[in-house]
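Next come the chains, spelled out residue by residue.
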Amino acid sequence: MKFLIVEDEPNLQKLISYFLKKEDHITEEATTFKEAQNKLSNFSYDCILLDLNLPDGNGLNLLPTIKESHKETAVIIVSAKDSLDDRVKGLDLGADDYLIKPFHVSELNARIKAVIRRKLFTTEEKGDFGDFTFHFEGRRVEINGKDLDLTKKEYDILLYLFRNKNRVITKDSLAEHLWGDYMDDNYSFDFLYAHLKNLRKKLAKEGVENYLQTLYGVGYKFCIPTN
Amino acid sequence: MTYRTTVAIMVLIMGYAAGIAFITNTQSIWIFILGILCFFMVTFVLWLETRTVRWHLKVYKRKIYEVLRNLNKFEDPRGSHNASKVESEIADFYGNIGRQIKKSFQIEKQFTQNASHELQTPITVIKTSLESLLQSPNLQENDYQDIETILSNTNKLSRINQALVLLSRIRSYYNDNVESVNINDVLLNCEQDFEERMEHKGITLTNQFDQELSFEMNRTLAEIMVSNLLSNAIKYNLPDGNITCTIKENKLKISNPGKPLTKNPEQLFDRFARDNDNPESLGLGLSIVKMIAEYSGIVVDYFHKDGLHELVLRKK
């Protein structure tokens, strides 16, 4: 997959592109509105990560061009929460998703995967991972062909873990993914732990609880157990 | 008329009385009567003076309130009409205050905006780098603990920043898209969002709606205001407690049982005024509520009675 990262902050741009390259994607970068415009008129991309506050213009103005000449391109706006309306405006102009800074990489990763799935691989209906099979349309999970009875939140947690498989995801990013950023205290973790405890019980029943590793209070990792 | 004119008149009358007394060689009783007359006259003139000054003060007080309500459109009161000396002195005085308020307001606004905006990117960089560092296969247990400490503090920093951004936005947004917002609907939607949280804490919710209540305000801000109040009612509730939302007599009341505050209720709405029992709280939720309310012509009151925390919203 080929990405265009439109971001004027060099550190952040490097980090995003480092992360995407590790996920085996190709990335190109633009730091200004002009540069982004030039790149868009000469090349095509599968996905564009678009910052709105560029030194020489508002990234929103790139959206009509993108939608006109790159219909297949997925656009995720990545921007500071500067305006209550930008989100609505961006989505109206055809962006596929909107991520507010500061964000978690795991969240960006999950959004990219969801957007790409919607945009490009609409035929992808299920995902396999070890003993797990995810049925995205029906929002259910099978373990070795046996249906796992999950609540809505438990499915969301498992899906987020699946989209970030083999990576450590922090509990903050998981809590924020599930409840948004209004969960503003430690209380949200109690809540998360309660859901995870139930989920773990259900996984243990099927003998697959060791897919879900806990890492010293930092976060979780969803991976195929080695032993 | 000024104070000086009054004194001049008084001296004149006294002089006149003394002159008459000297020329006609009359009894001193006349001088006494003239003195009394003079005293009443001076009092009358001074009374008139105070009244005019008071009236001017009222006018400019109103202007200052206007300035405070709408800082962006402040106009200098000087030169607005043909002013007398007193008037223009008062106008000068209030004009200075107005200009100073406006200046500090702008400096504060700019600072909050710049600071919060400029902080967002570095915070994202720290978060992203830490998450990337977490993927390293060579980390030891204590490394994870260090990363967790940095991460949770960065997240706190980021939440404070987001709340400050919101606080600075309220002033810019309260005037946009003002509509009649049905508070019953906003509350019901909010309750739906928090359903799971309440269930988790074993909190029962009761609604008592005697009427439809609406406020003239920006819808997004109304949602933030109600959601903050409800979130607090959950946060500071007792285990297996309850929340009662009442709408009657043009008021919205949200009440829940909870421990009495450890601090002065008057400080409840101050920024960063958190309760000692809850060090994790940022102490910005209620100041956001208060600010939205103030800008939207709503009054928020807090009461604690019979072990219940009560927050009441009503039109000003």
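Okay, so let's go over this structure. From a predicted model like this one, the values you see are computed outputs, not experimental measurements.

Right, let's talk about the overall build of chain B for a bit. Counting its secondary structure elements, chain B contains seven helices and seven strands. For chain B, the N- to C-terminal ordering of α and β elements is α-α-α-α-β-α-β-β-α-β-β-α-β-β. A buried classification covers 22% of the 316 residues belonging to chain B.

For chain A, the count of helices and strands is eight helices and 14 strands. Expressed as a percentage of its 227 residues, the buried residues of chain A come to 35%. Contacts in chain A between residues at least 24 apart in sequence constitute 54% of all its contacts with a sequence separation of at least 6.

With that out of the way, let us pick up the packing of helix 5 (residues 183-201) of chain B against helix 6 (residues 219-235) of chain B. All names here are of chain B. Interhelical geometry of helix 5 versus helix 6 gives an angle of 25 degrees and a closest axis separation of 10 Å. Viewed along their axes, helix 5 and helix 6 adopt a mutual orientation that is roughly parallel. When you trace helix 5 past helix 6, the crossing you get is right-handed. Residue-level inspection shows V186, L187, C190, E191, F194, R197, M198 and K201 of helix 5 in contact with helix 6, the latter providing A222, E223, V226, S227, L230, S231 and I234. Residue classes in the contact of helix 5 with helix 6 are distributed as nine nonpolar, two polar and four charged.

So, about helix 1 (residues 10-22) of chain A. All names here are of chain A. Compared with the 18 Å implied by 1.5 Å per residue over 13 residues, the 18 Å span of helix 1 between its first and last C-alpha is a close match. Buried residues of helix 1: L12, Q13, L15, I16, F19 and L20, and no others. Buried positions in helix 1, seen along its axis, are confined to an arc of 165 degrees and lie on one side of it. Those residues of helix 1 that are exposed and angled more than 90 degrees off the buried face are P10, K21 and K22. Two residues or fewer past helix 1, D24 is found with a positive phi of approximately 65 degrees.

This brings us to the sheet that holds strand 6 (residues 74-80) of chain A. Residue and element names in this part refer to chain A. Across the sheet, five strands lie side by side as 2-1-3-6-7; this open sheet has parallel pairing. Every other strand in the sheet has two partners, leaving strand 2 (26-30) and strand 7 (97-101) as the edge strands with one partner each. Taking each pair of neighbouring strands and ignoring which way they run, the sheet shows an average axis angle of 20 degrees. Where helix 2 (residues 33-42) meets the sheet, it contacts strand 1 (2-6) and strand 2, and its direction lies at approximately 135 degrees from that of strand 2.

Residues and elements named next belong to chain B. Looking at where Y174 falls in the secondary structure, it is placed in the loop between helix 4 (141-173) and strand 1 (178-182). By C-beta crowding, Y174 is classed as partly exposed, having 19 other C-beta atoms within 10 Å. Spatially, the C-alpha atom of Y174 lies 9.5 Å from that of A293, the residues being 119 residues apart in sequence. Aside from chain neighbours lying at most four places away, what touches Y174 is N218, L221, Y295 and S296.

It is worth spelling out the interface of chain A and chain B at this point. Taken together, the 32 residues of chain A in the interface contact 35 residues of chain B. Broken down by secondary-structure element, the contributors of at least two residues to the side of chain A that touches chain B are helix 1, helix 5 (105-119), strand 12 (168-170) and helix 8 (187-205) of chain A. The dominant element in the side of chain A that touches chain B, judged by the number of residues it contributes, is helix 1 of chain A, at five residues. Classifying every residue of the side of chain A that touches chain B by side-chain character gives 17 nonpolar, six polar and nine charged.

Attention shifts here to the nonpolar core. All names here are of chain B. Core analysis: the biggest nonpolar cluster contains 32 residues, and A222, M225, V226, V289 and I292 have the highest contact counts within it. Of all elements in the fold, only helix 5, strand 3 (214-218), helix 6, strand 4 (242-248), helix 7 (285-295), strand 6 (298-305) and strand 7 (308-315) reach the threshold of two or more residues within this core. In terms of residue count, helix 6 provides more of this core than any other element does, eight residues in total. In this structure, A222 is in contact with V181, V186, F215 and M217, ignoring residues within four places of it in sequence.

Quick look at the sheet that holds strand 8 (residues 126-129) of chain A now. Residue and element names in this part refer to chain A. With respect to topology, four strands assemble into an open sheet ordered 8-9-10-11, the strand pairing being antiparallel. Among the strands making up the open sheet, the edge pair consists of strand 8 and strand 11 (146-148). Across the sheet, the mean angle from the axis of one strand to that of its neighbour is 25 degrees, orientation sign disregarded. Here four bridges tie strand 8 to strand 9 (residues 132-135), and the two strands are oriented antiparallel to one another. What sits directly across from G127, in strand 9, is F134.

For N166 of chain A, which is not glycine, the phi dihedral falls at a positive 65 degrees. One can find N166 of chain A in the loop between helix 6 (152-163) and strand 12. You can call N166 of chain A exposed: it has 10 C-beta atoms within 10 Å. In the Ramachandran plot, D240 of chain B falls in the positive-phi region, its phi being about 55 degrees despite a non-glycine side chain. Overall, D240 of chain B belongs to the exposed group, with 9 C-beta atoms counted inside 10 Å.

Here is what the cut-offs are and how they apply
- Residues numbered from 1 in each chain as written.
- Chains lettered and ligands numbered in written order.
- Predicted model: local features only at pLDDT ≥ 70, side-chain atom pairs only at ≥ 80, totals over all residues.
- Helix = DSSP H or I, 4+ residues; strand = E, 2+ residues; numbered from the N terminus.
- Buried ≥ 20, exposed ≤ 12 C-beta atoms within 10 Å, placed from the backbone.
- Contact = placed C-beta atoms within 7 Å.
- Axes fitted to C-alpha atoms, helices over the stretch in contact; angles between N-to-C directions.
- Parallel < 35°, antiparallel > 145°, perpendicular 65-115°, else oblique.
- Left-handed = near helix turned anticlockwise from the far one by under 90°.
- Nonpolar A, V, L, I, M, F, W, Y, C, P; charged D, E, K, R; others polar.
- Expected span 1.5 Å × (residues − 1).
- Arc of directions from axis to C-beta.
- Pairing = 2+ DSSP bridges.
- Core = buried A, V, L, I, M, F, W, Y, C linked by C-beta atoms within 7 Å.

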